[in-house]
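Residues per chain, in single letters:
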Amino acid sequence: MVGQGVRIGRFFLPLWMGVELVAVVAGVFLGKVVSDAIGMTGPNAVPLSPDTPYLLYAVRHTAVRHTLPGLAVGIAQWLFLRPYIPQAHWWAISTIVGWTVGGLVPHKESRLGEGALIPGITWTYTVAFVAWSMVGAVTGLVEGIWQGQFLGRRFRLGGQWTPICTVAMTLGFGLAYPLERAAGLPVAIVSNHVLIGGITGLAMWRILQGR
């Protein structure tokens, strides 16, 4: 049954953005710790052969660098949404799935060094932007479809979530590479998730209020 909206506080948007940012930073940090511990990165990194199958590397990489941040974001947003949406634990599951599937899209860190992205495609600035945009698009679409169905059964405007989530993630991840090149990884992480949090937070505010 579709509801008519719920009352939310005036600090909903900044709190949503803060939850998004803190969760991502915590997830990225956890991913780095695990990555160093298992020898993917750090001083004890075990080099992979250039002949390592792409899928094998991508799965290992994704499990650490995308699934863990997705887990952190999903749990944080689930806890945030619990007062507004019954059974919000499905939100966490959909976020983890979305980030995991999106992480399997070929992008810079899916290959070794600055060489081939995938066979036959050379890594360039333009390819990097397109590749990271695709990571965001797939992530946003996969989690957005699931979450949009969840919201659509409860709120009149819930169906708007899927396209908004997809656009937000595409823009956020697409801008990550140029920002990283220009200002460094910490600035890129903060900037792109402030953008994602702002867009999705405004959308969620509107959906929950039924406006």
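Below you will find a few notes about this structure.

**Remarks on the overall build of the protein chain**
- Looking only at helices and strands, one finds seven helices and two strands in the protein chain.
- Counting helices and strands in the order they occur from the N terminus, the protein chain gives α-α-α-α-β-β-α-α-α.
- Counting every position in the protein chain, which comprises 211 residues, the buried fraction comes to 43%.
- Looking at the protein chain alone, contacts between residues at least 24 apart form 77% of all its contacts between residues at least 6 apart.
- Working note: accessible area of the protein chain is about 10500 Å², and carbon and sulfur atoms make up 71% of it.

**What to know about the packing of aromatic side chains**
- Within this structure, the stated rule accounts for 10 aromatic pairs.
- Measuring from centroid to centroid gives 6.2 Å for Trp 90 and Trp 146, while their planes differ by 45°, and the two rings are tilted. Taken together, the residues Trp 90 in helix α4 (residues 89-103) and Trp 146 in helix α5 (residues 125-152) connect sequence positions 56 residues apart.
- The partly exposed category is assigned to Trp 90, whose relative accessible area is 38%.
- Taking the relative accessible area as the measure of exposure, Trp 146 reaches 33% and is therefore partly exposed.
- The rings of Phe 12, Trp 16, Phe 80, Tyr 84, Trp 91 and Trp 161 are connected pair by pair, giving a single aromatic cluster.
- A cation over a ring is seen here: Arg 82 above Trp 78, with NZ or CZ 5.6 Å from the ring centre.
- Cation over ring: Arg 154 sits above Phe 150, and NZ or CZ is 4.1 Å from the ring centre.

**Describing the side chain of Asn 192**
- Here Asn 192 lies in helix α7 (residues 185-209).
- Classification of Asn 192 by relative accessible area gives buried; the value is 5%.
- Leaving out residues up to four positions away in the same chain, Asn 192 has contacts with Gly 172, Phe 173 and Ala 176.

**A look at the environment of Val 130**
- With respect to the element layout, Val 130 can be found in helix α5.
- On a C-alpha basis, the gap between Val 130 and Phe 173 in space is 9.7 Å, while along the polypeptide they are 43 residues apart.

**Concerning a nonpolar patch on the surface**
- Together, Trp 90, Ile 93, Val 97, Val 101 and Trp 146 give the surface a local cluster of nonpolar side chains, amounting to about 390 Å² of exposed area.
- Ranked by the residues each element gives to the nonpolar patch, the list is headed by α4, at four residues.
- Inspection of the secondary structure assignment puts Ile 93 in helix α4.
- When its relative accessible area of 35% is taken as the criterion, Ile 93 is described as partly exposed.

**Notes on the packing of helix α1 (residues 12-37) against helix α3 (residues 67-81)**
- Axis separation between α1 and α3 bottoms out at 7 Å; the angle between their running directions is 150°. When the interaxial angle is binned, α1 and α3 end up roughly antiparallel. As α1 packs across α3, the resulting crossing turns out to be right-handed. Contacts from Phe 12, Leu 15, Trp 16, Val 19, Glu 20, Ala 23, Val 24, Gly 27, Val 28, Leu 30, Gly 31 and Val 34 of α1 reach α3 at Leu 68, Pro 69, Ala 72, Val 73, Ala 76, Gln 77, Phe 80 and Leu 81.
- Taken together, the residues of the contact of α1 with α3 sort by class into 16 nonpolar, three polar and one charged.

**Overview of α1**
- For α1, with 26 residues, the first-to-last C-alpha span of 37 Å sits near the 38 Å given by 1.5 Å per residue.
- Here α1 has its buried residues at Phe 12, Trp 16, Glu 20, Ala 23, Val 24, Gly 27, Gly 31 and Ser 35.

Thresholds applied
Sequence positions are assigned chain by chain, starting from 1 and proceeding in written order. The model is predicted, so local features are restricted to residues of pLDDT at least 70 and side-chain atom pairs to those at 80 or more, both for listing and for counting; the totals for chains, interfaces and linings are taken over all residues. For side-chain calculations, the full set of non-hydrogen atoms in the structure is used, while hydrogens and water are omitted. Going along the chain from the N terminus, every DSSP run of H or I of four or more residues is numbered as a helix, and every run of E of two or more is numbered as a strand. Partly exposed residues are those whose accessible area sits between 20% and 50% of the maximum for their type, while under 20% is buried and over 50% is exposed, using a 1.4 Å probe and protein chains only. Residues count as neighbours in contact if any of their non-hydrogen atoms are within 4.5 Å of one another. Using a 1.4 Å probe, the Shrake-Rupley method yields the accessible areas, and only the shown protein chains count as cover for residues. Planes of paired rings set the category: under 30 degrees apart is stacked, over 60 is edge-to-face and the rest tilted, where pairs are Phe, Tyr or Trp rings (Trp by its six-membered ring) whose centres lie within 6.5 Å. Cation placement over rings: the criterion is NZ of Lys or CZ of Arg within 6 Å of the ring centroid and within 35° of the ring normal. In this analysis, a patch consists of residues with relative accessible area above 30% that form no salt bridge, clustered at 9 Å for like charges and at 5 Å for the nonpolar side chains Val, Leu, Ile, Met, Phe, Trp and Tyr. In what follows, salt bridge is the name for a side-chain nitrogen of Lys or Arg lying within 4 Å of a carboxyl oxygen of Asp or Glu. Convention adopted: a line fitted to C-alpha atoms gives each axis, helices being fitted over their contacting stretch, and angles between N-to-C directions are expressed from 0 to 180 degrees. To sort the angles, those under 35 degrees are grouped as roughly parallel, those over 145 as roughly antiparallel, those from 65 to 115 as roughly perpendicular, and the leftovers as oblique. By definition, any crossing whose near helix is turned counterclockwise from its far helix by less than a right angle is left-handed, and any crossing with a clockwise turn is right-handed. Classes in brief: Ala, Val, Leu, Ile, Met, Phe, Trp, Tyr, Cys and Pro nonpolar; Asp, Glu, Lys and Arg charged; the others, Gly included, polar. By this rule, a helix spans an expected 1.5 Å times one less than how many residues it contains.

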